Amino acid sequence: RIMSLLPILLHPDPRLKKQCVPVPSVDADTRRLAESMIETMYDAPGVGLAAPQVASDARIFVMDCTDSETDNNPLVLINPEITWVSEELNTYSEGCLSLPDLFEDVERPKQVRMSFLDIDGKHHEELFDDLWATCAQHELDHLNGVLFIDHLSRMKRSMMTKKMVKFKKELAL
Ligand code: GNR
Ligand code: NI
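Quick notes on the rules
- Residues numbered from 1 in each chain as written.
- Chains lettered and ligands numbered in written order.
- Predicted model: local features only at pLDDT ≥ 70, side-chain atom pairs only at ≥ 80, totals over all residues.
- Heavy atoms only, no water.
- Near = heavy atom within 4 Å.
- Polar contact = N/O pair within 3.5 Å; in protein donor to acceptor, adjacent residues only side chain to side chain.
- Areas by Shrake-Rupley, 256 points an atom, 1.4 Å probe, with all protein chains shown as cover.
- 1 Å grid on protein atoms, 1.4 Å probe; cavity = no way out; pocket = protein on both sides within 12 Å on 5 of 7 lines; lining within 4 Å.
- Sits in = over half its atoms within 2 Å of the grid points.
- Helix = DSSP H or I, 4+ residues; strand = E, 2+ residues; numbered from the N terminus.
- Nonpolar A, V, L, I, M, F, W, Y, C, P; charged D, E, K, R; others polar.
- Donors = N, O, S within 2.8 Å, 3.2 Å for Na, K, Ca; no water.
- Buried < 20%, exposed > 50% of the residue type's maximum accessible area, 1.4 Å probe, protein only.
- Pairing = 2+ DSSP bridges.
- Axes fitted to C-alpha atoms, helices over the stretch in contact; angles between N-to-C directions.

Student: Please set out the site of ligand 1 residue by residue, giving values where relevant.
Tutor: As a structural note, the neighbourhood of ligand 1 is formed by 13 residues, with V47, Q53, L97, E139 and H142 the closest of them. At a separation of 2.7 Å, an oxygen atom of ligand 1 approaches a polar side-chain atom of Q53. In the model, a nitrogen atom of ligand 1 is placed 2.6 Å from a nitrogen or oxygen of the E139 side chain. For ligand 1, the accessible surface in isolation is 380 Å², of which the surrounding protein chains cover 90%. Taken atom by atom, the bulk of ligand 1 overlaps the largest pocket. Counting only elements with at least two residues in the shell around ligand 1, the list comes to strand 4 (89-96) and helix 2 (130-143). For the shell around ligand 1, the class distribution of residues is three nonpolar, eight polar and two charged.

Student: Please give an account of the coordination of the nickel ion (ligand 2) that cites residues and values.
Tutor: Surrounding the nickel ion (ligand 2) are the protein donor atoms C96 (SG), H138 (NE2) and H142 (NE2), which sit 2.1 to 2.4 Å from the metal. Each donor residue of the nickel ion (ligand 2) belongs to the same chain, and together they define the spacing C-x41-H-x3-H. Here H138 lies in helix 2 and C96 lies in strand 4, a separation of 42 residues in the sequence. This pair shows no difference in class: C96 is buried, exactly as H138 is.

Student: Lay out the sheet that holds strand 1 (residues 48-50) in plain terms, naming residues and giving numbers.
Tutor: Read across the open sheet, the five strands follow the order 1-2-3-6-7; overall the sheet is antiparallel. In the strand order of this sheet, the two ends are held by strand 1 and strand 7 (123-129), each with one partner. In this sheet, neighbouring strand axes are inclined to one another by 40 degrees on average, regardless of whether the strands run parallel or antiparallel. Judged from the five bridges that link them, strand 3 (residues 75-85) and strand 6 (residues 111-117) form a sheet pairing that is antiparallel.

Written out as structure tokens, the structure is:
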């Protein structure tokens, strides 16, 4: 099977700020995109990857928070929606493949229920907890043009954006 690694967009990029569009039908193109996103996520490596990070505006993300390197458990979530959030909150030190090596604490509901379509177009509703819940919310944010730094103070956000502008300039040299 041919696998293709997709380049990951780096913040700041206008394509990371856009609202993504629902997938009208889960077809061969959708499956190809999801497969490439899974390969790109494992290669990075990351525990999640959202379509806008690879320059697609489809409402798709993939994640795998299993802590083993060998026993892969990728989930593909198409047109995901939050149907319930816990009152209990949880704080995680979050990172993002679009802001490499920058981490900051973000507080979010500790558990969420999400409805979504899988790669076969089948409807699911699943409860996510802890890192899975944090990751699912971080990825859903991406589909709405929101980055984890948007949950931080303006000062922290502008500091991290400045670092990324500098990093991207150095990359371009
Ligand atoms: O790899 C990732 N790790 C991570 C850690 C804490 C909270 C969220 C994440 S998601 C991130 C990959 C990514 O950028 N997904 O959009
Ligand atoms: Ni991210």
